Amino acid sequence: MRKLVVGTFLTLDGVMQAPGGPQEDTEGGFKHGGWQMPYFDEDSGEIMNKNIAATEALLLGRKTYQIFAAYWPTAPADDPFGQKFNSIPKYVVSTTLDKAEWNNSTLIRSNIPEEVARLKQQPGSGIISVTGSGKLAQTLMKHNLIDEYVLWINPIVLGSGKRLFENEVAPSNLKLVDSKTTGSSVVVLTYQPDNK
Amino acid sequence: MNYMKKLIVSNAMSLDGYYEGPGKDVMALFDYRWETYPTDESFDAYNAERLRAADTLLLGRTSFDGFKGYWPSVADDPAARPLEREISRLNNAIDKVVISDRLTSEETEPWHNTRILHRADAHEQIAELKRQSGKDILMFGSRTLWSDLLANDLVDELHLMLTPVVIGAGTPIFDARPPASLRLIDTRTWDSSGNVLMRYAVNRRKK
C-alpha cells in the first residue's frame, strides 16, 4: 500500500493560492502571487529534497499539472527535481483535459475516489505526492484518502485567497508526527489523520 | 519612543486558522484532546508560563467577561486540576487592564485589580504602559483588540498555539493582512500533545 501525501505551502491564515509567482493563479482577483518565494531558503531545499526522494508518483489537479507540464520538461537537464518529475508517473485528475502529454502521464477523468484508492493499493512503499492542487486535495480529504499532510507554514498573513481547508470541510482530528523549522521562519509540520 | 515592557499576544488557533468554532465556542479548538491526546495539558501549561512572566493582563471586553465568569473560583475548586488552580490564582492576582467604553468598575467584581480604559485612549495608554519597567503585558483571547494593536505597531510578539484539528467553521483569527512582518523566534512541541507553539516577533515599522 502506497502512502498519499498532500504537501503544500500555506500562509499563517491558511491560504495556498499561487505561492510561486504572480501569474500562477490569479483567480478571484488574487494579487499576492509569489508570496512564498522570499521564504524559500537552503533549509527548505533540503527538506524538499528528502520529501521528493521518497516520491514515486505525482497526483495533480488540472491547473497544477498544466503549470508543471509547461515548466519541468524545459528545466535544465541536471536539475534533480526536473529529472525526477519528468521520469516518474504523473496522474492528472481532470474532466476537461483531452490528453496529458507530459512524459509518463495518465489522465483520471471519472470515478476519482475509486481510481485514487486503486493507485494507493498498487505495490510499493513509496509516496504518491499531491502538491498544489487545492481542489483535488479537498476531494481527497472528503473521501478520506489522505494519509499525511506536510504543511509549510509561512510567516505571512494575506487575508484573502484560496485555502487548503475551505469552510465546511468535515471537522477532523490529526496527529502531529513531525515538526521542522527553517532559517527563514517557515515551520514544516507533518500530520496524519487520526481516523484510521 | 523607548519601550521597556513587551506586549505579548498568546492565542490558540485551529489548523485551519480559526480563533473559535461556530457559536463562538472556543472549546471547538480543544475537543480533539479527549480522543487523540487525552493527557494533553500543554496549552494550560503554556498559559501559566506566560502569566508567570507578566505583570499586566490586557483584555478586550468579551474576553474579560469570559475569563471573569470562569476563572475567579477555580483556585478553590478541589475538582480542578492543579494547573487550572494555578492559572486561576495567577489570573486573580495579576493587574488587569480592559479596553471598554461601557464597562463600569462595579462590573469588574470580583476582579477589583482591573483598570478600565476607553477605546479612544487605548493606544496612548498602552504605549505609556509599555514605557514603564516591569514584566510582560500579556494578552489572551481579545482578538479584535490585538488585531487593532498589531495594526498600530503596539504588539511585540505573537505566540500561536496551533491545535491539531480542522474545525471547518467559526471565527478566523486573522481578518486581513496586517501591516507588519513576522519573524519566527522558535517553536515548541510536547510528547503528549499535537499542539505546536509558534512564537513570532513582530517587526516594528520604521518611523
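Anyway, here's the lowdown on the structure attached to this text.

On to the interface of chain B and chain A. At the interface, 31 residues of chain B touch 31 residues of chain A. Carbon and sulfur atoms supply 61% of the area that chain B and chain A bury against each other, a total of about 2,500 Å² over both sides. When the buried area of chain B at its contact with chain A is split by residue, L15(B), V166(B) and R177(B) rank highest and sum to 24% of it. Taken together, the connections running from chain B to chain A amount to zero salt bridges. Run the count over chain B and chain A and you get eight residue pairs in polar contact (both at pLDDT 80 or more).

Turning our eyes to something else, we now look at the sheet that holds strand β7 (residues 172–181) of chain A. Across the sheet, nine strands lie side by side as β4(A)-β3(A)-β2(A)-β5(A)-β1(A)-β6(A)-β8(A)-β7(A)-β8(B); this open sheet has mixed pairing. Where the open sheet ends on each side, the last strands, each with one partner, are β4 (105–108) of chain A together with β8 (165–166) of chain B. Taken strand by strand, helix α2 (residues 62–71) of chain A contacts β2 (55–61), β3 (90–93), β4 and β5 (127–131) of chain A, and its axis lies near 120° from that of β2(A). Along the sheet, helix α5 (residues 134–142) of chain A makes contact with β1 (3–11), β2, β3, β5 and β6 (148–154) of chain A, crossing β2(A) at roughly 105°.

Residues and elements named next belong to chain A. Among all positions of helix α3 (residues 80–87), only F81, G82 and F85 are buried. The arc enclosing the buried residues of α3, seen along the axis, measures out at 95°, which places them on a common side. Of the residues flanking the start of α3, the one acting as N-cap is D79, its side-chain oxygen 2.8 Å from the backbone nitrogen of F81.

Okay, the packing of aromatic side chains next. Inspection of the entire model under this criterion finds 13 aromatic pairs over all chains. Taken together, a centroid distance of 5.9 Å and an interplanar angle of 50° make the contact between Y65(A) and W102(A) tilted. Remark: W102(A) occurs in the loop between β3 and β4 and Y65(A) occurs in helix α2; sequence separation between them is 37 residues. Connected via pairs of aromatic rings, a cluster forms that spans F68(A), Y71(A), W72(A), F81(A) and F85(A). The ring of W111(B) carries K96(B) above its face, with NZ or CZ at 4.5 Å from the centroid. The ring centre of Y3(B) lies 4.4 Å from the NZ or CZ of K130(B), which sits over that ring.

Conventions adopted
- Residues numbered from 1 in each chain as written.
- Chains lettered and ligands numbered in written order.
- Predicted model: local features only at pLDDT ≥ 70, side-chain atom pairs only at ≥ 80, totals over all residues.
- Heavy atoms only, no water.
- Contact = heavy atoms within 4.5 Å.
- Buried area = accessible area lost by both parts, 1.4 Å probe.
- Salt bridge = Lys/Arg side-chain N within 4 Å of Asp/Glu carboxyl O.
- Polar contact = N/O pair within 3.5 Å; in protein donor to acceptor, adjacent residues only side chain to side chain.
- Pairing = 2+ DSSP bridges.
- Helix = DSSP H or I, 4+ residues; strand = E, 2+ residues; numbered from the N terminus.
- Axes fitted to C-alpha atoms, helices over the stretch in contact; angles between N-to-C directions.
- Buried < 20%, exposed > 50% of the residue type's maximum accessible area, 1.4 Å probe, protein only.
- Arc of directions from axis to C-beta.
- Phe/Tyr/Trp six-rings, centres within 6.5 Å; stacked < 30°, edge-to-face > 60°.
- Lys NZ or Arg CZ within 6 Å of the ring centre and 35° of its normal.

The analysis is restricted to geometry; functional conclusions fall outside its scope.
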